[in-house]
Amino acid sequence: MAGASAFTRELLTDLAAGRYAAVRVPGFLSGERCTEVLTSLEEQAFDSYGNARVQPRVMRFGVGISDHMVDGSVADSYWTELERHHEVWQGLGLSFDPFALCREGLGAHWPGGVEVGRRGGRELGAGVAREPNQGFRVHFDDSLREYEHDLLDTPLIGQFAFNLYLSVPPSGGETVLWRHRWQPEDEAYRLPASYGYDEEAVRDAESLEITPRVGEALLIDPRYFHAVRPSRGARRIALGFAVGVAVTGQLLTWA
């Protein structure tokens, strides 16, 4: 894992190449701006990811594409929900666009910059706020495996996951990464009707544990198996989105 004051070209390249599993940037967003977003979100009702697939329950504000994946493609329901997503985020009345600011900081030193990805010419979601107070099970994220064809109009050669922490608990809530990528034999450990795996799948793998901090941005390679531990004592709320490394060299995001 690497820590730095900014997401530099070298760090992003090393993350894509597998030299690092994670890059963290403390103070990525000021305390004042974190408080502004958090205060607005705390007044809103959060939805949850599909309970049949995601247990324990994970709360979110916004729409995630994973709940609209059907037979390796994206259901039309995603686009309908995305319109509502734009309306509710605009209804927060924030003085700035937090996802645009995150993209700006992420791409400040990247030659191709960062843009929201498109599918069929339509822009995907910019991001969501997630609250996994009971944790995320062991899993991996890889659009090249999860979707039958390219998810974005521009093909991808790599993938990151971005999180910006607005609120963290006094204990718990750690992100755990294992030096293990999906293998066919891992399916023996997949939990029934779930996105996740039993932790036995990674029992022999080297691991890295990252404690979240308010205002910190964390970029990981989500193709490694990873999980989030349950929180204790306070809400764990983070802004998040996926980041694809395109064949053009550009970074493209979606949620």
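Refer to the preceding data block for the structure.
Throughout what follows, the structure given in this document is the object of discussion. (Residues numbered from 1 in each chain as written. Predicted model: local features only at pLDDT ≥ 70, side-chain atom pairs only at ≥ 80, totals over all residues. Heavy atoms only, no water.)

## Let's talk about the sheet that holds strand β17 (residues 224-228)
Here is step 1 of the chain: Spatial strand order, β11-β17-β14-β15: four strands in an open sheet with antiparallel pairing. For this open sheet the edge positions go to β11 (136-139) and β15 (207-210), each flanked by a neighbour on one side alone. Averaged over all pairs of adjacent strands, the angle between their axes in this sheet comes to 15 degrees, without regard to strand direction.
Here is step 2 of the chain: Summarising the sheet, strand β14 (residues 175-181) and β15 pair through four bridges and their orientation is antiparallel. Paired with V176 across the two strands is E209, which belongs to β15. (Pairing = 2+ DSSP bridges. Helix = DSSP H or I, 4+ residues; strand = E, 2+ residues; numbered from the N terminus. Axes fitted to C-alpha atoms, helices over the stretch in contact; angles between N-to-C directions.)

## A word on the pattern of salt bridges
Here is step 1 of the chain: Counted under the stated rule, the structure contains 16 salt bridges.
Here is step 2 of the chain: Two residues, R24 and E216, come together in a salt bridge whose shortest N-O distance is 2.9 Å. Taken as a pair, R24 in strand β2 (residues 22-25) and E216 in the loop between β15 and β16 (217-220) lie far apart in primary sequence, 192 residues in all. Considered together, R24 and E216 belong to a single accessibility category, that of buried residues.
Here is step 3 of the chain: Between R235 and E131 there is a salt bridge, with its nearest N and O atoms 2.7 Å apart. One end of the pair, R235, is in the loop between β18 (231-232) and β19 (237-246); the other, E131, is in strand β10 (residues 128-131), with 104 residues separating them in the sequence.
Here is step 4 of the chain: Residue classification places E131 among the buried residues on the basis of a relative accessible area of 6%.
Here is step 5 of the chain: Here the salt bridges do not stand alone but share partners, grouping R24, R213 and E216 into one network. (Salt bridge = Lys/Arg side-chain N within 4 Å of Asp/Glu carboxyl O. Buried < 20%, exposed > 50% of the residue type's maximum accessible area, 1.4 Å probe, protein only.)

## Description of the environment of Y49
Here is step 1 of the chain: Mapped onto the fold, Y49 is located in the loop between β3 (47-48) and β4 (59-61).
Here is step 2 of the chain: Along the sequence, Y49 and G93 sit 44 residues apart, while their C-alpha atoms lie 25 Å from each other.
Here is step 3 of the chain: Filtering out sequence-adjacent residues up to four positions away, Y49 remains in contact with V54, V58, R60, S66, D67, V128 and R130. (Contact = heavy atoms within 4.5 Å.)

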